[in-house]
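Here's the letter readout for the chains.
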Number of protein chains: 2
Amino acid sequence: MIKLSKLTDYAIVVMSEMARQTGTVHTVTQMAERTGVPAPTVAKLMKSLTPAGLMTSHRGAAGGYALARPAEAITIADIVVALDGPIALTACVEGAGEECGVENLCPMRGGWEKINRAIRSALEQVTLADMMGPVWTPPAREPAKALASGNA
Amino acid sequence: MIKLSKLTDYAIVVMSEMARQTGTVHTVTQMAERTGVPAPTVAKLMKSLTPAGLMTSHRGAAGGYALARPAEAITIADIVVALDGPIALTACVEGAGEECGVENLCPMRGGWEKINRAIRSALEQVTLADMMGPVWTPPAREPAKALASGNA
DNA sequence: CTAATCAGTACCGAATTGGTCCTGATTGAA
DNA sequence: TTCAATCAGGACCAATTCGGTACTGATTAG
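Attention in this report is confined to the structure presented alongside it. Within each chain, residues carry numbers counting from 1 in the order of the written sequence. Chains carry letters and ligands carry numbers; both start at the beginning, A for chains and 1 for ligands, and go up in the order they are written. Local features in this predicted model are restricted to residues of pLDDT 70 or higher, and side-chain atom pairs are both shown and tallied only at a pLDDT of 80 or more, whereas totals for entire chains, interfaces and linings draw on every residue. Just so you know, side-chain values use all the structure's heavy atoms and leave hydrogens and water out.

Each helix is a run of H or I in the DSSP string that is no shorter than four residues. Each strand is a run of E no shorter than two, and both are numbered from the N terminus. Positionally, I119 of chain B belongs in helix α5 (residues 109-124). Here I119 of chain B falls in the buried class, since its relative accessible area comes to 2%. Setting aside residues no more than four positions away along its own chain, I119 of chain B makes contact with I119 of chain A together with I87 and L89 of chain B. The buried label applies to any residue whose accessible area, calculated with a 1.4 Å probe on protein chains only, is under 20% of its type's maximum; exposed applies above 50%, and partly exposed to all values in between. Residue contacts are counted whenever heavy atoms from the two residues lie within 4.5 Å of one another.

What follows is the structure in structure tokens.
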């Protein structure tokens, strides 16, 4: 299976949980408790998502994180780019030109571009809001994995 | 970057090279020489692609492998499924139900299904023929990587 | 001034992946 | 019939990547 990294999966879970909760500022500890994702891992995610413009942060005693935009305005593509880098199945992609010195000559470029464009388009059409659903309680064991994949 | 495994990348390279060559039967050694992919690795690929119906094989002194269908009739989706398993970004996918016991309740299912379908569709619309191009000579160093990604 | 929380960086163990090796089976040619 | 060439199956290993953690510094409200 071609797959997203677990960390990206976690980010979507955490961010959709933030979108669902009332209140706007959430600490790493709160997010960890609600989603079952380990706190150090949530902290790590926030350190990538914040500079990418998807989260805003506030230091200090009343500090925490908030979604930078409403859930409807954050696409899965945004999240994937922030954590996994450019959306593509191979290094043959715009913006990754430094890895490909003969892009004009590569016989496969056309095929891969078609695929990469379709994937990007699909990820851009789904937002965090689409990933939210009824309130859901994470299982007690292997929670992060279970939650990320929707497992029982 | 969400990416295909290197082995899947190699398989596409090797198979498109086979499609380009005259003659229909190619040994592992020949394919390794033409593409720069190590022979044991090519052999490994063939052991997955053949049972999947993408290659036919013939043992014995005049043995080797051949594409099971013309290049136009082999999609990138076929190859990815044979090597990487079902096409999906997460375990939330039809056919992987054993990993998800609450698929009817999973709040994210709808979003992921849309994405997974789009990726499958994109991969099904590109064939091995689309990945072939002018005759191209692989570089001498790090050949498999260079070739697979079209790097100089 | 203190406690709570984010920010940056480095490190480590586990898992996965790429790659190899060995042996057995098959087949055509000598 | 024998032999060389090649595929088939399975196991194993090293390297790399990823998930996860830990520590220290900076910031902020009370």
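Structure shown, so let's carry the discussion forward.
Here a residue is considered near a molecule or strand provided that any single heavy atom belonging to it is located within 4 Å of it. If you check the shell around DNA strand C, you find 24 residues, and the closest are S57 and Y65 of chain A together with K6, Y10 and K44 of chain B. Of all atoms in DNA strand C that approach within 4 Å of the protein, 68% are sugar or phosphate atoms. Polar contact is defined as a pair of N or O atoms within 3.5 Å, subject to the rule that within protein one atom must be able to donate a hydrogen and the other to accept it, and that residues adjacent in sequence are counted only when both atoms are side-chain atoms. In the environment of DNA strand C, a phosphate oxygen lies 3.4 Å from a nitrogen or oxygen atom belonging to the backbone of V28 of chain A. The backbone of A61 of chain B places a nitrogen or oxygen atom 3.0 Å from a base oxygen of DNA strand C. Residue assignment for the surface near DNA strand C shows that the elements contributing at least two residues are β1 (55-58) and β2 (64-67) of chain A together with α1 (6-20) and α3 (39-49) of chain B. When grouped by side-chain class, the residues that make up the surface near DNA strand C number eight nonpolar, eleven polar and five charged. Gly counts as polar in this scheme, as do all residues outside two lists: the nonpolar Ala, Val, Leu, Ile, Met, Phe, Trp, Tyr, Cys and Pro, and the charged Asp, Glu, Lys and Arg.

All right, on to the nonpolar core then. Grouping buried Ala, Val, Leu, Ile, Met, Phe, Trp, Tyr and Cys residues that are joined through side-chain atoms within 4.5 Å yields what is termed a nonpolar core. With 72 residues, the main nonpolar core has I76 and I79 of chain A together with I76 and I79 of chain B as its most contacted residues. Filtering out sequence-adjacent residues up to four positions away, I76 of chain B remains in contact with W112 and I115 of chain A together with I12, L123, V126, T127 and M131 of chain B.

Turning our attention to the pattern of salt bridges. All names here are of chain A. Within this document, salt bridges are pairs made up of a side-chain nitrogen of Lys or Arg and a carboxyl oxygen of Asp or Glu, the two lying within 4 Å of each other. The full count for this structure, using the stated rule, is six salt bridges over all chains. Ionic pairing is found between R20 and E17, a salt bridge with its closest N-O pair at 2.6 Å. With a gap of three residues between them, R20 and E17 both fall in helix α1 (residues 6-20), about one helical turn apart. Look at E17 and you get buried, because its relative accessible area is 13%.

Of all residues adjacent to DNA strand D, which total 25 residues, the nearest are K6, Y10 and R59 of chain A together with S57 and Y65 of chain B. One of the backbone N or O atoms of V28 of chain B is found 3.4 Å from a phosphate oxygen in DNA strand D. A distance of 2.6 Å separates a phosphate oxygen of DNA strand D from a polar atom in the side chain of S57 of chain B. Residue assignment for the surface near DNA strand D shows that the elements contributing at least two residues are α1 and α3 (39-49) of chain A together with β1 (55-58) and β2 (64-67) of chain B. By residue class, the composition of the surface near DNA strand D is nine nonpolar, eleven polar and five charged.

All names here are of chain B. Neither face of β2 is left uncovered, since the one carrying G64 and A66 and the one carrying Y65 and L67 both have all their residues buried. Where β1 and β2 come together, four bridges link them in antiparallel fashion. Pairing of T56 across the sheet is with A66, part of β2. At least two DSSP bridges between two strands are needed for those strands to be called paired.

Let us now look at helix α2 (residues 28-35) of chain A. The α-helix advances 3.6 residues per turn, and as a result positions three or four apart in sequence lie on the same side. Residues and elements named next belong to chain A. Along α2, the residues that are buried comprise V28, M31, A32 and T35. The buried residues of α2 occupy one face: seen down the axis, they fall within an arc of 100 degrees. Just beyond α2, the residue with positive phi is G36, at close to 85 degrees. Comment: arc refers to directions from the helix axis out to C-beta atoms.

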